[in-house]
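# Structural overview
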Amino acid sequence: ILKLLFFGNISSYKGLDILIAAVNKLSDKYPNFELTIAGNCKDWAAEYEPLIKTNGRIIQKIRFIKNEEVPVLFSNCHYLILPYRDATQSGPLMIAYNYNIPVIASDIDGFKEFIIDGKTGYLFENEQENSLVTVLESIINKPLEEYEALTAAMKEHVEANYSKHTIIKKYNQMFNDILKIS
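Conventions used here
Residues numbered from 1 in each chain as written. Predicted model: local features only at pLDDT ≥ 70, side-chain atom pairs only at ≥ 80, totals over all residues. Heavy atoms only, no water. Helix = DSSP H or I, 4+ residues; strand = E, 2+ residues; numbered from the N terminus. Buried < 20%, exposed > 50% of the residue type's maximum accessible area, 1.4 Å probe, protein only. Expected span 1.5 Å × (residues − 1). Arc of directions from axis to C-beta. Pairing = 2+ DSSP bridges. Axes fitted to C-alpha atoms, helices over the stretch in contact; angles between N-to-C directions. Contact = heavy atoms within 4.5 Å. Phe/Tyr/Trp six-rings, centres within 6.5 Å; stacked < 30°, edge-to-face > 60°. Lys NZ or Arg CZ within 6 Å of the ring centre and 35° of its normal. pLDDT = per-residue confidence, 0-100.

### What about unusual backbone geometry?
- For asparagine 100, which is not glycine, the phi dihedral falls at a positive 60 degrees.
- As for its position among the elements, asparagine 100 is in the loop between helix 4 (91-98) and strand 5 (103-106).
- The phi dihedral of glutamate 127 falls on the positive side, at around 60 degrees, and the residue is not glycine.
- Classification of glutamate 127 as partly exposed rests on a relative accessible area of 44%.

What follows is the structure, encoded as structure tokens:
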């Protein structure tokens, strides 16, 4: 079964309503996936829970998620979904990269510079439920070999751009450049 994750505090700008609507559309057609929603939400019962119509496809962990739970959540999923309407930075994106979990996100500026569509994850049109449905349907139908190739390419990308070694090298280069200017 393909396991999807939405993680973090739940606020309207994070687009969870779009994700729930997309999962609702796909739930009757595809029995081989589930979505875990893990995060705190003040108005869950009134705002989001009534949107769910999926025959058990959505696992709800609506509460504060402790740090020690994070590795289990990420290690037990195939994709992190970030349907945000707006973002300046995303902690969950970097957590996913740390666990080598591909990311599906809206094509907003906060994600386009970090996600290479088809290489480290997939982008869909911001606030476009049908675009998200298309991407989700695509990954639901992908053979395991394609997922493994995606995670291998993602691991290479993360190592080349976000590993400790790479960051240290970039800092050293920056300091050397500053010293040359002085």
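### Remarks on helix 7 (residues 144-162)
- Its 19 residues give helix 7 an end-to-end C-alpha distance of 26 Å, which sits within 8% of 27 Å, the value for a rise of 1.5 Å per residue.
- Every buried residue of helix 7 is listed here: Tyr147, Leu150, Thr151, Met154, His157 and Val158. All buried residues of helix 7 fall inside an arc of 125 degrees around its axis, so they share one side. Opposite the packed face of helix 7, turned more than 90 degrees from it, sit the exposed residues Glu145, Lys155 and Glu156.

### Notes on the sheet that holds strand 3 (residues 58-62)
- Across the sheet, which stays open at both edges, the 6 strands sit in the order 3-2-1-4-5-6 with parallel pairing between neighbours. The open sheet is flanked by strand 3 and strand 6 (121-124), the only strands paired with a single partner. For this sheet, the mean inter-axis angle between neighbouring strands, taken without regard to orientation, is 20 degrees.
- One ladder, built from 4 bridges, connects strand 5 with strand 6; its direction is parallel. Within the sheet, the bridge partner assigned to isoleucine 104 lies in strand 6 and is tyrosine 122.
- On the sheet, helix 1 (residues 16-27) packs against strand 1 (2-7), strand 2 (33-39), strand 3 and strand 4 (79-82) and is oriented at approximately 160 degrees with respect to strand 2.
- Its contacts with the sheet place helix 4 against strand 1, strand 4 and strand 5, and it is angled at close to 165 degrees to strand 4.

### Comments concerning the side chain of asparagine 24
- Checked against the element boundaries, asparagine 24 lands in helix 1.
- Relative accessible area serves as the criterion here: at 17%, asparagine 24 is assigned to the buried category.
- Setting aside its immediate chain neighbours within four residues, asparagine 24 contacts Leu51, Ile52, Lys53 and Thr54.

### Re the packing of aromatic side chains
- This model, assessed by the stated rule, comprises 10 aromatic pairs.
- Ring centres of tyrosine 13 and tyrosine 84 lie 5.9 Å apart, and the angle between their planes is 80 degrees; on these two criteria the pair is classed as edge-to-face. Of this pair, tyrosine 13 sits in the loop between strand 1 and helix 1 while tyrosine 84 sits in the loop between strand 4 and helix 4; the two residues are 71 residues apart in sequence, bridging distant segments of the chain.
- The interplanar angle of 25 degrees and the centroid separation of 5.8 Å between the aromatic rings of tryptophan 44 and tyrosine 48 together place this pair among those described as stacked. In this pair, tryptophan 44 and tyrosine 48 both sit in helix 2 (residues 44-48), 4 residues apart, roughly one turn of the helix.
- The class of tryptophan 44 is buried, set by a relative accessible area of 7%.
- Judged by relative accessible area, which is 4%, tyrosine 48 ranks as buried.
- By way of ring pairs, the aromatic residues Phe7, Phe74 and Tyr99 are connected into one cluster.
- The ring of phenylalanine 33 carries arginine 57 above its face, with NZ or CZ at 5.9 Å from the centroid.

### Regarding the environment of valine 133
- Structurally, valine 133 can be placed in helix 6 (residues 129-140).
- Taking the relative accessible area as the measure of exposure, valine 133 reaches 11% and is therefore buried.
- Between the C-alpha atom of valine 133 and that of serine 90, which follows or precedes it by 43 residues, the distance is 22 Å.
- If we ignore the near neighbours within four places in the chain, the residues touching valine 133 are Ala22, Lys25 and Leu26.

### Observations regarding the confidence of the model for the protein chain
- On average, residues of the protein chain score 92 in pLDDT, and 98% of them reach the 70 mark or higher.
- Confidence, read as mean pLDDT per element, is least for helix 8 (residues 164-181) in the protein chain (82) and greatest for strand 4 (98).

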